[in-house]
Amino acid sequence: MDRKELLEELKKLKSSDDQILLSGRALNDLTTLSDDNFKYFFEFAKKDLTTRNKKSADQYISTTKRYLQLISNIPCSMENSTSQIIETFLSEHGNSAKDIQNKVSHLKALFDSAGFDYTIDFKDFKPKSAAPIKNISRIEAEKISKAIEEYKTLRKASTLTDGEKDKYTKKQFILEMFFFTPLTIAEIQNYQKEQCLFDNNSIYFKGEKYPVPNTLINLMREMEERNILHGTHYTRGTTEEIQKDLAKFGMEDISSQGAKNTRDAIFWTCPQCGKKYLAIAENWCVKQYTENGENWIVCREICGHE
């Protein structure tokens, strides 16, 4: 059957308590799915959903429909689903530990009905990935970003003396280093001259490489030219001033755990090499593994050149 015929069949399906399975809205949402993913949903509805009562079926429809919409937009077929994609879905749509547990069950039922062997182990998805952690970190990220923008504005203001511009530049440097790298406040405070190594898109600390946005690289170049990249910005006093300034944006303190949550929200994991990169366009590219195959989003640095 072609897609139009499958859609007509879906309209006729009923739940175990003899109610129409799919509302007009749900059917309309299914039109956004790729052909492959539409067929997988059809098989799922016919094999699984018709065995459930309407209330239960609605929960399964909501989860599986949203997941298939997500991968259709990548674009990606169910056969090419990865644990990372499912983790992303759960972090975006899971509202609690119990809700995530339910959605994992919904997705497993979808994959079980698909008729192909899959390697994803649904026991691996734990409530620790609950969305509230991600949501909190996004709020933190927004607040830190606003503070960085204020420092940029202040240090460029024509009324500031050179000394004041230097102060705000150093504050911006500490905050961006904390925001975009895994370094702790203590490590940033002790960032020595021989450790201030960077290239066009990364900084290096104790032999480790950290991809960062161009804004931070350009800031470091500016500070090097002004001879303020090394020195007094390592003092604890500057960091304490930053924490007081952040209170204006609703952040009373910067914690290592808070920073970790923030980085979890703004860094993506490459599905091919497994490395994490900041979720900005210049770090990613589209890759096709087979002719006329699915288009995957992969890191530009490693997998984009293979």
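Residues numbered from 1 in each chain as written. Predicted model: local features only at pLDDT ≥ 70, side-chain atom pairs only at ≥ 80, totals over all residues. Heavy atoms only, no water.

(A) Geometry of helix 6 (residues 97-112). With 16 residues, helix 6 ought to run about 22 Å at 1.5 Å a step, and its terminal C-alpha atoms sit 23 Å apart, in line with that. Those residues of helix 6 not exposed but buried are D99, I100, K103, V104, H106, L107, A109, L110 and F111. (Helix = DSSP H or I, 4+ residues; strand = E, 2+ residues; numbered from the N terminus. Expected span 1.5 Å × (residues − 1). Buried < 20%, exposed > 50% of the residue type's maximum accessible area, 1.4 Å probe, protein only.)

(B) Quick look at the nonpolar core. Ranked by internal contacts, the top residues of the largest apolar core, which has 47 residues, are L10, L22, F41, L49, Y67, M78 and I86. Apart from the residues lying within four places of it in its own chain, the contact partners of L10 are L22, L27, L30, F38, F41, F42 and A45. F180, I188, F205 and L219 belong to the second-largest nonpolar core, a separate cluster that totals 30 residues. (Core = buried A, V, L, I, M, F, W, Y, C linked by side-chain atoms within 4.5 Å. Contact = heavy atoms within 4.5 Å.)

(C) Layout of the pattern of salt bridges. Counting across every chain of the model gives 13 salt bridges. A salt bridge links E43 to K47, with the shortest nitrogen-to-oxygen separation between them at 3.9 Å. Note that E43 and K47 are positioned in helix 3 (residues 35-47) at a spacing of four residues, about one turn of the helix. Each of the salt bridges in this network shares a partner with another, and the network as a whole consists of E43, K46 and K47. (Salt bridge = Lys/Arg side-chain N within 4 Å of Asp/Glu carboxyl O.)

(D) Quick peek at the packing of helix 4 (residues 54-73) against helix 6. Where helix 4 contacts helix 6, the two axes come as close as 9 Å, and the packing angle between them is 75 degrees. Relative to helix 6, the element helix 4 lies roughly perpendicular. Residue-level contacts link Q59, Y60, T63, T64, Y67 and L68 of helix 4 to K103, S105, H106, L107, A109, L110 and F111 of helix 6. Class assignment for the residues of the contact of helix 4 with helix 6 results in seven nonpolar, five polar and one charged. (Axes fitted to C-alpha atoms, helices over the stretch in contact; angles between N-to-C directions. Parallel < 35°, antiparallel > 145°, perpendicular 65-115°, else oblique. Nonpolar A, V, L, I, M, F, W, Y, C, P; charged D, E, K, R; others polar.)

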